[in-house]
Amino acid sequence: MADEKSLKGTKLSDLVKYKDDGEKGAKGVKFADLVKDINKTYGAGTIAKASTIESLVLKRIPMGVFVLDALTGGGVPVGRTTQFFGEPSGCKTTLCLKTVASAQKTCRFCVQPVDAHTKKDDHKPEPMACVWIEMESTLDRDWAIRMGVDAEKLYVAQPANAEAAGNILQMALQSDDQDVVVIDSLAHMTPGAELENPMENMQVGAMARMLNKMFRTETALMNKRKLTGNGPTVLVINQVREKVGVMYGSPETRPGGKGQAFASSLEIRLAPGKPFYQGANGPIQKAAQDGDRPLFREFNFKVKKAKSAVADVEGSFKLQMSKVEGREIGQTNDEEQVFFFAKKHLLIENPSKGKWLCLGLEDATEEKLQDKIMATEGKFTELRAKTLELVKER
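Below: a short report on this structure. (Residues numbered from 1 in each chain as written. Predicted model: local features only at pLDDT ≥ 70, side-chain atom pairs only at ≥ 80, totals over all residues. Heavy atoms only, no water.)

Here we look at the nonpolar core
Ranked by size, the top nonpolar core spans 54 residues in total, and within it F84, F317, I348, I373 and L383 carry the most contacts. Per-element accounting of this core gives the leading share, 6 residues, to helix α4 (residues 92–103). If sequence neighbours within four positions are ignored, F84 has contacts with M63, V76, K92, L95, C96, L235, V236, I237, N238, I268 and L270. With 22 residues, the next largest nonpolar core counts I133, L173, M222 and V234 among its residues. (Core = buried A, V, L, I, M, F, W, Y, C linked by side-chain atoms within 4.5 Å. Buried < 20%, exposed > 50% of the residue type's maximum accessible area, 1.4 Å probe, protein only. Helix = DSSP H or I, 4+ residues; strand = E, 2+ residues; numbered from the N terminus. Contact = heavy atoms within 4.5 Å.)

What follows is the structure, given as structure tokens:
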């Protein structure tokens, strides 16, 4: 058994108190004493019982799309990394903008809607602060405002290279009053070595090495922030590529190496679906004439990884592309999705093949009942909340 002298200079010897009872060794040391020493050495809260660690109780920021929020347990997990990746025009940036808009309406202390607070609460509500690291030069302020973002409260960084972006990310994570950081996108994070050298000089693996280091430091800084609060949330956008010469299996890959997948708690793959145009008798998949704008467009998603929800679930949602009566550009088909899942989970039912029932309301047909729910103040909000909880539990 190692004696005390042989352990001099090690951190373990600073934490463990030895007891000499004839034999030199570490006997009679209680773990409760070690816990006190660990917290004294590395900071309060470094080690504690799981039942007392608030950050282990996952809170979520809604993404602003009902079906995505329902199938991911309520939205993106707070204090974790979430990645949106996929094909061009897959709604990746728009989803991040909608998530930022939700965060700006969410209290940074309790992760509840700011407008839901009352004077009886033990704290004054303060909305989450967000930073957008713009690498692609594609962010449109007008579109962001359409998605509900308050441009006055959103900081946008436009770094020249990947190293600068990584440093800005670290600074944001170290700040106690920044809650959400968005990186758009990993695929466009260009290492400084690529900018300094001619185009014909290839830096093999430079981007992957830099990103792996960035995610390692990001995780460490997020853990440090969790000791005193909820911890910052990072949203990452990435693209897809194809490997050359792959004969079997999927050739799809993502720029930046494999480390990004291990750093993420939630990964959602997005792809564009079909556009729908206004026809004489409703939406159609082909424009009636040249120059017609789409009425709305479908987007497909698949939850590829979820460490706090069920993975390998997929679905679709619709995004409004043209303004019509009762529908604004950028709105999603939440009402349609809520009614679908409410019926699936028997919140809307037709027990005797007669009247349709829902939350104390009734009508002769399902369509009329839906209209009544929308027209009755507070009923759709109640139905949405109850449906969301039921879908999250399954």
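Digging into the side chain of T81
Relative to the helices and strands, T81 is located in strand β3 (residues 81–86). Those residues in contact with T81 that sit more than four places away from it in its chain are F215, E218, M222, V234, V236, A263, S264, S265 and L266.

Overview of helix α11 (residues 366–375)
Among the residues of α11, E366, L369 and I373 are the ones counted as buried. For α11, the arc enclosing every buried residue in end-on projection is 60°, short of the 170-degree limit, so these residues lie on one face. The exposed set on the far side of α11, more than 90 degrees from its buried face, consists of E367, D371 and A375. Residues of α11 that are buried in the fold lie against α10 (334–344), β14 (356–358), β15 (361–363) and α12 (379–393). (Arc of directions from axis to C-beta.)

Topic: the packing of α10 against α11
Relative orientation of the contacting elements α10 and α11 amounts to 120°, with a least axis distance of 12 Å. Considering the angle they form, α10 stands oblique to α11. Considering how the two elements wind past one another, α10 and α11 form a crossing that is right-handed. On α11, the residues that touch E335, F339 and K343 of α10 are E366, Q370, I373 and M374. In terms of residue class, the contact of α10 with α11 is made up of 3 nonpolar, 1 polar and 3 charged. (Axes fitted to C-alpha atoms, helices over the stretch in contact; angles between N-to-C directions. Parallel < 35°, antiparallel > 145°, perpendicular 65-115°, else oblique. Left-handed = near helix turned anticlockwise from the far one by under 90°. Nonpolar A, V, L, I, M, F, W, Y, C, P; charged D, E, K, R; others polar.)

Some points on the pairing of strand β12 (residues 296–306)
As paired strands, strand β10 (residues 266–279) and β12 are joined by 9 bridges and run antiparallel to one another. What sits directly across from L266, in β12, is A306. Summarising the sheet, β12 and strand β13 (residues 314–320) pair through 7 bridges and their orientation is antiparallel. Looking across to β13, one finds that K302 is bridged to E314. (Pairing = 2+ DSSP bridges.)

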